[in-house]
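# Survey of secondary and tertiary structure
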Amino acid sequence: EPSVHVRRLSVNLGSGGCEWTPPEYQVPDNVTYEKTLVVGFPSGDKRLTFVQMEGLTGLPAKDEWDFAYLGDSNHPFIKANYPHHEGIWGWGING
């Protein structure tokens, strides 16, 4: 039986089978990624989009608040709200 993790992303095992696995949370610093900014209205299903992107690539998304409070990183996918009620664009030059 496939293992189940907190984040549910899949690996195609062929013949209609799959295994649920999480993305790699540590993003390599030695790879240059084109950044994708996923922006939408609050509660506008941005999470569905970035979970699909994580599932297709195995790389994690990062929320704009994480950039503002935890610092820069090399995450290829950034989730943001517009309009932002605090006026914070936490990703800076990363997006």
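As a starting point, this report considers the structure included with it. Quick caveat, the model's predicted, so the values are computed rather than measured.

## Side note on the overall build of the protein
Counting its regular elements, the protein contains two helices and five strands. In the protein, the order of α-helices and β-strands from amino to carboxyl end is β-β-β-α-β-α-β. Within the protein, residue pairs in contact and separated by at least 24 positions form 45% of the contacts whose partners lie at least 6 positions apart. Total accessible area computed for the protein in this model is approximately 6,500 Å², and 53% of it derives from carbon and sulfur atoms.

## Section: the pattern of salt bridges
Using the criterion set out here, one finds one salt bridge in the structure. For Lys-79, the salt bridge is made with Asp-63, and the minimal N-O distance between the two is 2.7 Å. Of this pair, Lys-79 sits in strand 5 (residues 77–81) while Asp-63 sits in strand 4 (residues 61–63), and the two are 16 residues apart along the sequence. Judged on exposure class, the residue Lys-79 and its partner Asp-63 are both buried.

## Here we look at the pairing of strand 5
With respect to burial, strand 5 is a largely interior element, five of its five residues being buried. Along strand 5, one buried face is formed by Phe-77, Lys-79 and Asn-81 and the opposite face, lined by Ile-78 and Ala-80, is buried too. Pairing analysis gives three bridges linking strand 4 to strand 5, with the strands arranged parallel. Among the inter-strand pairings, Lys-62 is bridged to a residue of strand 5, identified as Ile-78. Running through helix 2 (residues 64–70), the crossover from strand 4 to the neighbouring parallel element strand 5 is right-handed.

## A few points about the sheet that holds strand 5
The strand order across the open sheet formed by three strands is 3-5-4, and the pairing between neighbours is parallel. One side of each edge strand has no neighbouring strand; the edge strands of this open sheet are strand 3 (36–40) and strand 4. Each adjacent strand pair in this sheet contributes to an overall mean axis angle of 25°, direction not counted. Bridge count for strand 3 against strand 5 is five bridges, and the pairing is parallel. Bridging across to strand 5, Leu-37 finds its partner in Ile-78. Here helix 1 (residues 46–57) sits on the sheet in contact with strand 3, strand 4 and strand 5, set at roughly 180° to strand 5.

## Digging into unusual backbone geometry
The backbone phi angle of Ser-15 is positive, close to 55°, even though this residue is not glycine. Relative to the elements of secondary structure, Ser-15 occurs in the loop between strand 1 (9–14) and strand 2 (17–21). When its relative accessible area of 90% is taken as the criterion, Ser-15 is described as exposed.

Rules behind the numbers
Residues numbered from 1 in each chain as written. Predicted model: local features only at pLDDT ≥ 70, side-chain atom pairs only at ≥ 80, totals over all residues. Heavy atoms only, no water. Helix = DSSP H or I, 4+ residues; strand = E, 2+ residues; numbered from the N terminus. Contact = heavy atoms within 4.5 Å. Areas by Shrake-Rupley, 256 points an atom, 1.4 Å probe, with all protein chains shown as cover. Salt bridge = Lys/Arg side-chain N within 4 Å of Asp/Glu carboxyl O. Buried < 20%, exposed > 50% of the residue type's maximum accessible area, 1.4 Å probe, protein only. Pairing = 2+ DSSP bridges. Right-handed = clockwise from strand over helix to strand, strands pointing away. Axes fitted to C-alpha atoms, helices over the stretch in contact; angles between N-to-C directions.

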